[in-house]
Amino acid sequence: MLNEYFSHLKSGTDIRGVACEGVKGEEIKLTDDVVKGSSKGFIKFISEKSGKKPSELLLSVGHDSRITGEHIASLVIEEFTKAGARVLDCGLATTPSMFMTTVDLNCDGAVEITASHHPFNRNGLKFFTPDGGLEAEDIEQILQFAQDGGELEKAECGTVEKVNYMEQYAENLCNIIRKAVGAEDYMHPLKDFKIVVDAGNGVGGFYADKVLKPLGADTEGSKFLEPDGMFPNHIPNPEDKTAMDSICKAVVDSNADLGVIFDTDVDRGGAVDSTGKEINRNRLVALASAIALEGNEGGTIVTDSITSSGLKEFIENTLGGKHYRYKRGYKNVIDKGIELNAQGINCPLAIETSGHAAMRENYFLDDGAYLCTKIIIKMAQMKKQGKALESILQDLKEPVESREYRFNITEKDFRACGEKIIKDLEEFAQKQDGWILADDSREGVRVSFGKNDGDGWFLLRLSVHDPNMPLNIESDTKGGAEIIYRKFREFLVTTRGLEY
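Residues numbered from 1 in each chain as written. Predicted model: local features only at pLDDT ≥ 70, side-chain atom pairs only at ≥ 80, totals over all residues. Heavy atoms only, no water.

*Asks:* I'd like a rundown of helix 9 (residues 282-292), residues and numbers included.
*Replies:* Of all eleven residues that make up helix 9, eleven are buried, and the element is covered over most of its length. Buried residues of helix 9: Asn282, Arg283, Leu284, Val285, Ala286, Leu287, Ala288, Ser289, Ala290, Ile291 and Ala292, and no others. (Buried < 20%, exposed > 50% of the residue type's maximum accessible area, 1.4 Å probe, protein only. Helix = DSSP H or I, 4+ residues; strand = E, 2+ residues; numbered from the N terminus.)

*Asks:* Residues and numbers for the environment of threonine 101, please.
*Replies:* Residue placement: threonine 101 occurs in helix 4 (residues 95-104). In this structure threonine 101 comes out as buried when scored by relative accessible area, which is 0%. Ignoring anything within four residues of it in the chain, the contact list for threonine 101 reads Ser60, Cys90, Asn106, Cys107, Ala110 and Tyr165. (Contact = heavy atoms within 4.5 Å.)

*Asks:* A description of the nonpolar core should follow, citing residues and the corresponding values.
*Replies:* Counting 70 residues, the largest nonpolar core has Leu190, Ile195, Phe206, Tyr207, Val211, Leu258 and Ile375 as its most contacted members. Excluding residues within four positions of it along the chain, tyrosine 207 makes contact with Leu173, Ile177, Val197, Leu212, Val260, Phe262, Ala369, Cys372, Thr373 and Ile376. Judged by nonpolar contacts, the second largest core, of 33 residues, contains Phe42, Ile46, Val61 and Leu75. (Core = buried A, V, L, I, M, F, W, Y, C linked by side-chain atoms within 4.5 Å.)

*Asks:* Which residues make up the packing of helix 13 (residues 414-430) against helix 14 (residues 480-492), and what values go with them?
*Replies:* Interaxial distance between helix 13 and helix 14 falls to 10 Å at its minimum, and their mutual angle equals 115°. When the axes of helix 13 and helix 14 are compared, the crossing they make is right-handed. Residues Ile421, Asp424, Leu425 and Phe428 of helix 13 touch helix 14, and the partners they reach there are Phe488, Glu490 and Phe491. Tallied by class, residues from the contact of helix 13 with helix 14 come to five nonpolar, no polar and two charged. (Axes fitted to C-alpha atoms, helices over the stretch in contact; angles between N-to-C directions. Left-handed = near helix turned anticlockwise from the far one by under 90°. Nonpolar A, V, L, I, M, F, W, Y, C, P; charged D, E, K, R; others polar.)

*Asks:* Can you lay out unusual backbone geometry for me, pointing to particular residues and giving the numbers?
*Replies:* One non-glycine residue, serine 116, adopts positive backbone phi at about 55°. As for its placement among the helices and strands, serine 116 is situated in the loop between strand 5 (109-113) and strand 6 (122-129). Positioned with a positive phi, asparagine 255 is a non-glycine residue whose angle comes to about 55°. Examined against the element boundaries, asparagine 255 turns out to sit in the loop between helix 8 (241-254) and strand 10 (258-262). Looking at asparagine 255, the relative accessible area reads 66%, which means it is exposed.

*Asks:* Lay out the pattern of salt bridges in plain terms, naming residues and giving numbers.
*Replies:* Applying the stated criterion across every chain, the model contains 43 salt bridges. Aspartate 64 is the salt-bridge partner of arginine 66, the closest N and O atoms lying 3.5 Å from each other. The class for arginine 66 is buried, based on a relative accessible area of 3%. As a salt-bridge pair, glutamate 313 and lysine 397 come within 3.2 Å of each other at their nearest N and O atoms. A residue pair is termed long-range when its members are at least 10 positions apart, and glutamate 313 in helix 10 (residues 309-318) and lysine 397 in the loop between helix 12 (368-384) and strand 18 (401-408) qualify at 84 residues. (Salt bridge = Lys/Arg side-chain N within 4 Å of Asp/Glu carboxyl O.)

Written out as structure tokens, the structure is:
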């Protein structure tokens, strides 16, 4: 069993922690020893999974723009070669590209050094096999090996080869766009478009220089393309208001046809239409669903639990698909999409409102660059029809008001406390007039209200990783969110173990 120290390094399906000094009161947790032990643990894991000896393995290692990325990558490579493996050093790379090395370069495993959108002083390790990202129990196994001080059998030193796989990855995206758009100028299908990119100083700048420009697009007005692990301009996060304001302003100032934005390691993306309006969260899910359901009529779209009522109507009534609400956590959503397909249910897309979008046609890989590529293709196709991309979303009903609260759980066994509160809320809701329990809620408790009672819904759930309970509220009427919150407070004051 993991002790408290190593438990805190487990972040869902990744290993993450403070990796350098610079923030007062935050000690380094992702030490060199932890990195080395985790690297050995991954070697052991991948060796057992593949049935190959460590000396027979081909592994790839990449890192995002974080200031500790290059150092941590060097430690991982050192341990891999000590075990006898052949290693491809991919240098600065996106997380999705590292998975794709298992496809295009036949790697047995891959590691990306990243901590997504978290502050500059943090970093982590994200692992892949040819089957995709690791599960939470796999991460526990790797960390247990590190905690126990596990060692591998001595072997002759492996080899390291520097590989610029990002060039190949970018060219693959270029060819996807060329083929799908089928322009008269085949090699330059975007020559009549202006598209701006905001990479937030992560590793997404390649998309402007290696994908859009070679296809003929005008990218002038793009922002923060240079990698800088201190992230001096804004958090590289499509969910961050400052980040989204940045790309919206860039689109308007440049009079662009589209704007795209990525998180640090490009496994998430977002967009902005030609009017400067965000295509993010529910709007992003709606657009991705419209694209994914082409040729998959009646297909099922898996989303996380906090998607809006209007989105469900759009997927089912406008697009003719089926909406499957599931748990928060992008890996939960993706795994459910894979599971449904295995059951014979046509599910072409699994997407979380945070921007993690995984298409079946792309190995169910959450890839922000691939998502934006599909959006750009659709924009070009719509222009041929004399239509704007945003017209696809004209029937999407969006809430008038949205709120989110987070209530900290004060009890030590926070999960048991949260689960009891969920059970109590369900029983409470069943006894209230005008409280309509959702019949498709697979996480927490979702309750809807009529026009005279707030005209919307709330969802209370237990956080995936942290000791708190998020409450999401949406209303289709101005002032409705406050009415719904007051109704929820009738239950809240009866609870024990929550700060509010």
